[in-house]
Amino acid sequence: MKILNLFQLFLFASMCNAQDTLIYSQKDASMFSNYYYLYPKTKTFEHKFSTDDMQIWYGYGTFTIKGNKIAFVFGESYDRHTQKRINQIYDTAKTSDTLQITFKDSASSPAFATLRYKDTFYYSDIESGNITIPKKIFEEDPNPSIAIYGFNKLELNNLAHLKEVEITMHDFFIRYHYESNFTRELIYKGNKLKSKDFYSTSRKRRVQFLLEKK
C-alpha cells in the first residue's frame, strides 16, 4: 500500500511539472458537462457542472491528496465566482458624443445586462453585449453615475474623454448554484477520479473523471 501511495504521489508530481492546470472531465457526459480544474502550484481547484437547461454548479477551494483519496475543500465559492471587472477606456486625444458600454462574460462572449441612469433603463444588445448612450443626457449632472445590475453605482469620471466601459460579468440568464463550505472526497488514481454521483446523472453509481491530455 505504501508503494502504491508513493507511486501516485510521484505520478501527480510528474503531471504537475508538465502542466499548470489539470482538467478532469466526467466520462460519458453527453447531455451535460462536469469538470474539475486542478491548479497544482496553488493547490486550488474549480468545479464546474453545467446542464442543458442553463444551470451551473460552481465550486472553488483547496485540495489535498492522501493515499488514494483526494479531498476537495470548498470555500466561499460565491465570492470567488462573482468577482467582476470594470475597465474604463479613455481617448485623451479627442472627445466623443456617445459612450459605449460593453458587457461580456468570463469567456469573453457577449452578455446580456441592464443599466439605469436616473429613471431610464438601458438594455444591452443580445448579440454584441453593447449599449450606446448619448453623453448629452449627462449634461446637467456634474458627477454622473450609472447603476448596473449586480454592481454598485459606477462613476463616470472625465466623461468627455471616456470612450468605452468594458464590464466582465456573469450572464444572469444562467442559474448558478454555489458549492461552499464543505469537503468532498473522491477516489484518486492519478489520471482518473472516481466519485459518488452527486447529480443523479448515472443512477447513483460512481462516476469517473478522466484526465484530459493537452
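Residues numbered from 1 in each chain as written. Predicted model: local features only at pLDDT ≥ 70, side-chain atom pairs only at ≥ 80, totals over all residues. Heavy atoms only, no water.

Quick notes on the pairing of strand β3 (residues 44-51)
So, point 1. Here strand β2 (residues 32-39) runs beside β3; their pairing, made up of eight bridges, is antiparallel. Within the sheet, the bridge partner assigned to Y35 lies in β3 and is K48.
So, point 2. Here β3 pairs with strand β4 (residues 55-66) via seven bridges, running antiparallel. In the strand pairing of β4, S50 is matched with I56.
So, point 3. Hairpin connection, β3 to β4: the antiparallel pair is bridged by three residues, and M54 has positive phi, about 65°. (Pairing = 2+ DSSP bridges. Helix = DSSP H or I, 4+ residues; strand = E, 2+ residues; numbered from the N terminus.)

Quick word on the nonpolar core
What tends to happen in soluble globular proteins is that the nonpolar side chains get buried as a cluster.
So, point 1. In terms of nonpolar packing, the biggest core is built from 20 residues, with I101, F103, L115, I146 and L156 touching the most fellow members.
So, point 2. When residues of this core are traced back to their parent elements, those giving at least two are β7 (98-104), β8 (114-117), β10 (130-134), β11 (145-148) and β13 (162-168).
So, point 3. Listed in part, the 16 residues of the second largest apolar core include Y24, F74, L186 and L193. (Core = buried A, V, L, I, M, F, W, Y, C linked by side-chain atoms within 4.5 Å. Buried < 20%, exposed > 50% of the residue type's maximum accessible area, 1.4 Å probe, protein only.)

Focus on the sheet that holds strand β6 (residues 85-90)
So, point 1. Strands sit in the order β6-β13-β7-β10 across an open sheet of four strands; the sheet is mixed. Strand pairing shows two members of the sheet lacking a second neighbour, β6 and β10, which therefore form its edges. Neighbouring strand axes in the sheet, compared pairwise and without regard to direction, differ in orientation by 15° on average. (Axes fitted to C-alpha atoms, helices over the stretch in contact; angles between N-to-C directions.)

Here we look at the sheet that holds strand β12 (residues 153-155)
So, point 1. What the four strands build is an open sheet, ordered β9-β8-β11-β12; its pairing is antiparallel. The two strands at the open ends of the sheet, each matched to only one other strand, are β9 (120-123) and β12. Sheet twist, expressed as the average angle between the axes of neighbouring strands with direction ignored, equals 30°.
So, point 2. Across three bridges, the pairing between β11 and β12 is antiparallel. Across the sheet, A147 pairs through a bridge with K153, a residue of β12.

A short note on the packing of aromatic side chains
So, point 1. Applying the stated criterion across every chain yields a total of ten aromatic pairs.
So, point 2. Look at F63 and F72: their rings are 6.5 Å apart centre to centre, the planes differ by 55°, and that puts the pair in the tilted class. For the pair F63 and F72, one class covers both residues: buried.
So, point 3. Cation over ring: K48 sits above Y37, and NZ or CZ is 5.2 Å from the ring centre. (Phe/Tyr/Trp six-rings, centres within 6.5 Å; stacked < 30°, edge-to-face > 60°. Lys NZ or Arg CZ within 6 Å of the ring centre and 35° of its normal.)

What about the pattern of salt bridges?
So, point 1. Summed over the entire model, instances satisfying the criterion amount to three salt bridges.
So, point 2. Between E185 and K69 there is a salt bridge, and its shortest N-O distance comes to 3.6 Å. Of this pair, E185 sits in strand β15 (residues 182-188) while K69 sits in strand β5 (residues 69-74), placing them 116 residues apart in sequence.
So, point 3. Classification of K69 by relative accessible area gives partly exposed; the value is 32%.
So, point 4. Between R184 and E179 there is a salt bridge, and its shortest N-O distance comes to 3.1 Å.
So, point 5. Overall, the relative accessible area of 6% leaves R184 in the buried class. (Salt bridge = Lys/Arg side-chain N within 4 Å of Asp/Glu carboxyl O.)

So, the confidence of the model for the protein chain
So, point 1. On average, residues of the protein chain score 82 in pLDDT, and 80% of them are at 70 or above.
So, point 2. Summarising per-element confidence for the protein chain, the mean pLDDT is lowest in helix α1 (residues 2-18) (49) and highest in β5 (96). (pLDDT = per-residue confidence, 0-100.)

What about unusual backbone geometry?
So, point 1. The phi dihedral of K118 is positive, around 55°, even though this residue is not glycine.
So, point 2. Tracing the chain through its elements places K118 in the loop between β8 and β9.

Comments concerning the side chain of T114
So, point 1. With respect to the secondary-structure elements, T114 resides in strand β8.
So, point 2. The buried category is assigned to T114, whose relative accessible area is 15%.
So, point 3. Side-chain polar atoms of T114 contact the backbone oxygen of Y122, separated by 3.2 Å. (Polar contact = N/O pair within 3.5 Å; in protein donor to acceptor, adjacent residues only side chain to side chain.)

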